[in-house]
Amino acid sequence: MQKLAKREEQIMQVVWQLEKAFVKEIIDELPDPKPHYNTVSTIVRILEEKGFINHKSFGNTHQYFPAISKEDYQKSAVGDVLKNYFDDSYSKMVAYFAKEEKISEDELNEIIQMIKNKKQ
């Protein structure tokens, strides 16, 4: 799966959140300063060309909706980070977050509990 550029991902986050949206509705959800309508429209068309979104036509306007779930993209993106930065090792990734104090002991215990529950 292709990796999205920063602005593409920002727009996809809005489309995933809204589930279906016109360009104006996407712009309304973006942080200030709001990008120009034509800019968002262009990025939306690029996302459609890449296969991330589809549309339904209403006369001259289009309502967009995700063609790829957020979960599927998330799996791919995390997999890329894991492969490129942690030698495909979940333990190295978790150790990194623990070392950088980005994950607490309670969060680690929650992860361990999830693993134990999954094995049962």
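Look above for the structure.
From a predicted model like this one, the values you see are computed outputs, not experimental measurements.

A. How the structure looks around helix 1 (residues 6–18). Here helix 1 contains 13 residues, and its C-alpha end-to-end distance of 19 Å stays within 8% of the 18 Å for a straight helix at 1.5 Å per residue. Among the residues of helix 1, those classed as buried are E8, I11, M12, V14, V15 and W16. For helix 1, the secondary structure elements touched by its buried residues are helix 2 (23–29), helix 3 (37–49), strand 1 (53–58), strand 2 (61–66) and helix 4 (70–85). E19 sits one or two residues past helix 1 and shows a positive phi near 75 degrees.

B. Expanded view of the packing of aromatic side chains. Considering all chains together, one arrives at 5 aromatic pairs under this definition. Ring geometry for F52 against Y73: centres 5.8 Å apart, planes inclined by 75 degrees, an arrangement best described as edge-to-face. Here F52 is found in the loop between helix 3 and strand 1, whereas its partner Y73 is found in helix 4, with 21 residues between them in sequence. When sorted by exposure, F52 lands in the same class as Y73, which is buried. Aromatic pair F86 and Y96: ring centres 5.5 Å apart, planes at 55 degrees, arrangement tilted. Separated by 10 residues along the polypeptide, F86 in the loop between helix 4 and helix 5 (90–99) and Y96 in helix 5 bring together distant segments of the chain. Judged by its relative accessible area of 11%, F86 falls in the buried class. Through a chain of ring-to-ring contacts, three or more aromatic side chains come together here, namely W16, F52 and Y73.

C. Region of the structure containing the layout of surface pockets. Roughly 240 Å³ of volume is contained in the largest pocket. Broken down by secondary-structure element, the contributors of at least two residues to the lining of the largest pocket are helix 1 and helix 4. Counting residues per element, the lining of the largest pocket draws most heavily on helix 4, at 8 residues. In terms of residue class, the lining of the largest pocket is made up of 5 nonpolar, 3 polar and 4 charged. Lining of the second largest pocket is provided by Y90, V94, L108, I111, I112, M114 and I115. Sorting the residues of the lining of the second largest pocket by element identifies helix 5 and helix 6 (105–119) as the ones contributing at least two each. In terms of residue count, helix 6 provides more of the lining of the second largest pocket than any other element does, 5 residues in total. A breakdown of the residues in the lining of the second largest pocket according to their chemical character gives 7 nonpolar, no polar and no charged.

The rules behind the values
- Residues numbered from 1 in each chain as written.
- Predicted model: local features only at pLDDT ≥ 70, side-chain atom pairs only at ≥ 80, totals over all residues.
- Heavy atoms only, no water.
- Helix = DSSP H or I, 4+ residues; strand = E, 2+ residues; numbered from the N terminus.
- Expected span 1.5 Å × (residues − 1).
- Buried < 20%, exposed > 50% of the residue type's maximum accessible area, 1.4 Å probe, protein only.
- Contact = heavy atoms within 4.5 Å.
- Phe/Tyr/Trp six-rings, centres within 6.5 Å; stacked < 30°, edge-to-face > 60°.
- 1 Å grid on protein atoms, 1.4 Å probe; cavity = no way out; pocket = protein on both sides within 12 Å on 5 of 7 lines; lining within 4 Å.
- Points joined across faces, edges and corners; volume = space filled by probe spheres on them.
- Nonpolar A, V, L, I, M, F, W, Y, C, P; charged D, E, K, R; others polar.

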